[in-house]
2 protein chains.
Amino acid sequence: MKRFPISPESSRCSSCILSDICLPVGMSQHDISLMDEFVKERVRIPKGKQLFSLGDEAEAIYGLRSGAMKILLHDSSGQMQITGFVLPGEIIGIDGLGNSKHLSQAVALEDSEVCVIRVADIDRISPHLPILQQQFRRLMGMEINRSHQMVMTLGTLRSEQRVAAFLLNISSRLAALGYSSRDFILRMSREEIGNYLGLTLETVSRLLSRFAREHLIRIKQREVQILDMAALQAIAGIDVDPDNHLGK
Amino acid sequence: MKRFPISPESSRCSSCILSDICLPVGMSQHDISLMDEFVKERVRIPKGKQLFSLGDEAEAIYGLRSGAMKILLHDSSGQMQITGFVLPGEIIGIDGLGNSKHLSQAVALEDSEVCVIRVADIDRISPHLPILQQQFRRLMGMEINRSHQMVMTLGTLRSEQRVAAFLLNISSRLAALGYSSRDFILRMSREEIGNYLGLTLETVSRLLSRFAREHLIRIKQREVQILDMAALQAIAGIDVDPDNHLGK
DNA sequence: CGATCAATTGAGCCGTCTCAATTTGGGTGG
DNA sequence: CCACCCAAATTGAGACGGCTCAATTGATCG
């Protein structure tokens, strides 16, 4: 795995364009500059290669700087489940923090680059930077909520709702990155989407085709264009009418 | 909500029978005695009442001392999903730590009692008791893993596997508490089990009946007796044969 | 320009849900 | 103590959503 020191100025936390959605969210400029102290390393992961895998020592967490990754879980019978897709600015490896060993595997969907934050450094610095403890609590809390949201999706939504919710989720995360929320490229295959959503790849494909036939989206391979955001939200079960929350 | 100070000696962390599976897990006797300092309060929650609900300030976490609870999530369209059942010795409210507001709701399945650990106290004491930070990281990590496991279950398992895995899960958690792993009473209804597993109550009922017909369990209302643990494990997909993990 | 992999589309089947009827059990008041 | 009531659980019949299997088309890449 290629590790290399961070280049002169370009990519410190203090000057990173992702700093407002990445780990330093909400930190003062002064505190962020302290982070430059221990984010000294970056790693490139070519498409298809893994950043870490099941059983690896969880000695660091990673901020995705560019590219896209998927997080995989394996069970005792060899089943595999994708628990999440990671976009730039998002954090990878939080789930290993509690155990010191990773229980998941992170694989690049395309050539990617991550910033390395060593757990040892965190523990060393956090006494002098109390906000860091809070940041980690917040990050882990976010991961818990994200995962609960996933449980909600898999437990209560029907296939068309899942696919619609998936598109909207990707859309809003890309929007937060400054990209268009209406036009984007999916970085994962139909099979990966299906696995993530608890559906087969055929079902995903059929639903995307149907959405296109109904003029909610335009889709050509992995290029997506959202034509009717409101209709997708309605399908996904995101009520615009606040009264509906009350009734049964 | 009835709050009352902890009685003289009986129920301090340092003398609690749950201390080896509850929050103090792995702490030294000395460190545990420090915890007595800030676990000064307990709360009783009658069956059907809630400990906290969506939007409440997350000012504390709770260790379940007796009884049983369920954790609920609500979505914008009024759908409800049970994300977990809590047994004695387990911690409630971890999911609110990141946001300072609870996004879930905790409801008692039967008359219950929890120990209150105030977040403010944690923040005050943890600088002097570094192991506490680790404990919290560990707890949040466990919650993440638990939730990921849930995603795995909902994403990959078929109904009979989910129900079998559910029974085994409850069984092993009760065993950790010192109760029988073969005979126990379910504290939740078929409807609650179904909601939790992403199935209907009828499907749950049918599968329990089928398991009974096949002599894997005996079941009479909520009383469960496991007759063939190995067979249930086989159904749940817990391979005894380690070779199976490798092949596809 | 063929080879290979990803995606689409169709046909038929199976598992789970829906709707409905019945049984069981527990609690309450006469 | 018994009769009644209500909620929980069981069981059945039928419908339907999503899966499986299979064939075809469409990209991508040496």
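Please read all numbers here as calculations on a predicted model, not as lab measurements. (Residues numbered from 1 in each chain as written. Chains lettered and ligands numbered in written order. Predicted model: local features only at pLDDT ≥ 70, side-chain atom pairs only at ≥ 80, totals over all residues. Heavy atoms only, no water.)

*Asks:* How should I be thinking about the overall build of chain A in this particular structure?
*Replies:* Counting its secondary structure elements, chain A contains seven helices and ten strands. In terms of overall size, chain A behaves like a compact globule, its C-alpha atoms giving a radius of gyration of 19 Å where 248 residues would be expected to give roughly 18 Å. Dimensions along the principal axes, computed over C-alpha positions, put chain A at roughly 55 × 40 × 35 Å. The buried share of chain A, taken over its 248 residues, is 52%. (Helix = DSSP H or I, 4+ residues; strand = E, 2+ residues; numbered from the N terminus. Rg over C-alpha atoms; globule rule 2.2 N^0.38 Å. Buried < 20%, exposed > 50% of the residue type's maximum accessible area, 1.4 Å probe, protein only.)

*Asks:* Hey, could you run me through the packing of helix H4 (residues 159-176) of chain B against helix H7 (residues 229-236) of chain B in this one?
*Replies:* In a packed pair of helices, the relevant descriptors are the angle between the two axes and the axis-to-axis distance. Residues and elements named next belong to chain B. Contact geometry of H4 with H7 gives a least axis separation of 8 Å together with a crossing angle of 130°. Looking at the two axes, H4 sits oblique to H7. With respect to the hand of their crossing, H4 and H7 are arranged in left-handed fashion. Each of Glu 160, Gln 161, Ala 164, Ala 165, Leu 168 and Ser 171 in H4 lies in contact with H7, whose residues at this interface are Met 229, Leu 232, Gln 233, Ile 235 and Ala 236. Considered class by class, the residues forming the contact of H4 with H7 number seven nonpolar, three polar and one charged. (Axes fitted to C-alpha atoms, helices over the stretch in contact; angles between N-to-C directions. Parallel < 35°, antiparallel > 145°, perpendicular 65-115°, else oblique. Left-handed = near helix turned anticlockwise from the far one by under 90°. Contact = heavy atoms within 4.5 Å. Nonpolar A, V, L, I, M, F, W, Y, C, P; charged D, E, K, R; others polar.)

*Asks:* Is there a simple way to think about the protein's contact with DNA strand D in this case?
*Replies:* Neighbouring DNA strand D are 17 residues, the closest being Ser 159 and Thr 203 of chain A together with Ser 205, Arg 206 and Ser 209 of chain B. Within 4 Å of the protein, the contacting atoms of DNA strand D are 60% sugar and phosphate, with bases supplying the remainder. The contact in question runs from a phosphate oxygen of DNA strand D to an N or O atom on the side chain of Arg 190 of chain B, over 2.7 Å. If you list the elements that add at least two residues to the surface near DNA strand D, you get helix H6 (201-213) of chain A together with helix H6 (201-213) of chain B. Tallying contributions element by element places H6 of chain B first for the surface near DNA strand D, with five residues. Its residues assigned to classes, the surface near DNA strand D shows two nonpolar, eight polar and seven charged. (Near = heavy atom within 4 Å. Polar contact = N/O pair within 3.5 Å; in protein donor to acceptor, adjacent residues only side chain to side chain.)

*Asks:* Teacher, can you tell me more about the packing of aromatic side chains here?
*Replies:* Residue and element names in this part refer to chain A. In total, this model carries eight aromatic pairs over all chains according to the counting rule given. Taking 4.9 Å as the distance between ring centres and 55° as the angle between the ring planes, the aromatic pair formed by Phe 85 and Tyr 196 counts as tilted. Taken together, the residues span a long stretch of sequence, with Phe 85 in strand S5 (residues 80-86) and Tyr 196 in helix H5 (residues 190-197) at a distance of 111 residues. An aromatic cluster is defined as three or more aromatic residues linked by ring pairs; in this entry it consists of Phe 85, Phe 166 and Tyr 196. (Phe/Tyr/Trp six-rings, centres within 6.5 Å; stacked < 30°, edge-to-face > 60°.)

*Asks:* Honestly, the sheet that holds strand S9 (residues 217-220) of chain A in this entry has me stumped. Any pointers?
*Replies:* All names here are of chain A. Sheet architecture is open: three strands sit in the order S8-S10-S9, paired in antiparallel fashion. Two strands lie at the open edges of the sheet, namely strand S8 (183-185) and S9, each paired on one side alone. Pairs of neighbouring strands in the sheet enclose a mean axial angle of 15°, with direction left out of account. The pairing of S9 with strand S10 (residues 223-226) spans four bridges and is classified as antiparallel. Of the residues in S10, the one forming a bridge with Arg 218 is Gln 225. The sheet strands contacting helix H4 (residues 159-176) are S8, S9 and S10, and the helix crosses S8 at an angle near 100°. (Pairing = 2+ DSSP bridges.)

*Asks:* I'm lost on the environment of Ile 94 of chain B in this one. Help?
*Replies:* Along the chain, the position of Ile 94 of chain B falls in the loop between strand S6 (91-92) and strand S7 (104-118). Sequence spacing of Ile 94 of chain B and Gly 55 of chain B is 39 residues, and the spatial spacing of their C-alpha atoms is 14 Å. Beyond its immediate chain neighbours, meaning those up to four positions away, Ile 94 of chain B contacts Ile 144 of chain A together with Ile 61, Leu 139, Met 140 and Glu 143 of chain B.

*Asks:* What is the right way to look at the protein's contact with DNA strand C in this model?
*Replies:* Close to DNA strand C lie 19 residues; Arg 190, Ser 205 and Ser 209 of chain A together with Ser 159 and Thr 203 of chain B are nearest. Backbone sugar and phosphate groups make up 64% of those atoms of DNA strand C lying within 4 Å of the protein. In the model, a base nitrogen of DNA strand C is placed 2.8 Å from a nitrogen or oxygen of the Arg 206 of chain A side chain. Here a phosphate oxygen of DNA strand C and a side-chain polar atom of Ser 209 of chain A are 2.7 Å apart. Among the elements of the structure, H6 of chain A together with H6 of chain B are those that each provide at least two residues to the surface near DNA strand C. Of the residues forming the surface near DNA strand C, the biggest block, five residues, is contributed by H6 of chain A. For the surface near DNA strand C, the residue count by class is two nonpolar, nine polar and eight charged.

*Asks:* How should the nonpolar core be read in this particular structure?
*Replies:* In summary, soluble globular proteins display a tendency toward joint burial of nonpolar side chains. If you look at the biggest cluster of nonpolar residues, it comprises 124 residues, and the most contacted ones within it are Leu 23, Leu 132 and Phe 166 of chain A together with Leu 23, Leu 132, Phe 166 and Phe 211 of chain B. Not counting chain neighbours up to four residues away, the residues in contact with Leu 132 of chain A comprise Leu 23, Met 27, Phe 38, Ile 122, Ile 125 and Ser 126 of chain A. (Core = buried A, V, L, I, M, F, W, Y, C linked by side-chain atoms within 4.5 Å.)

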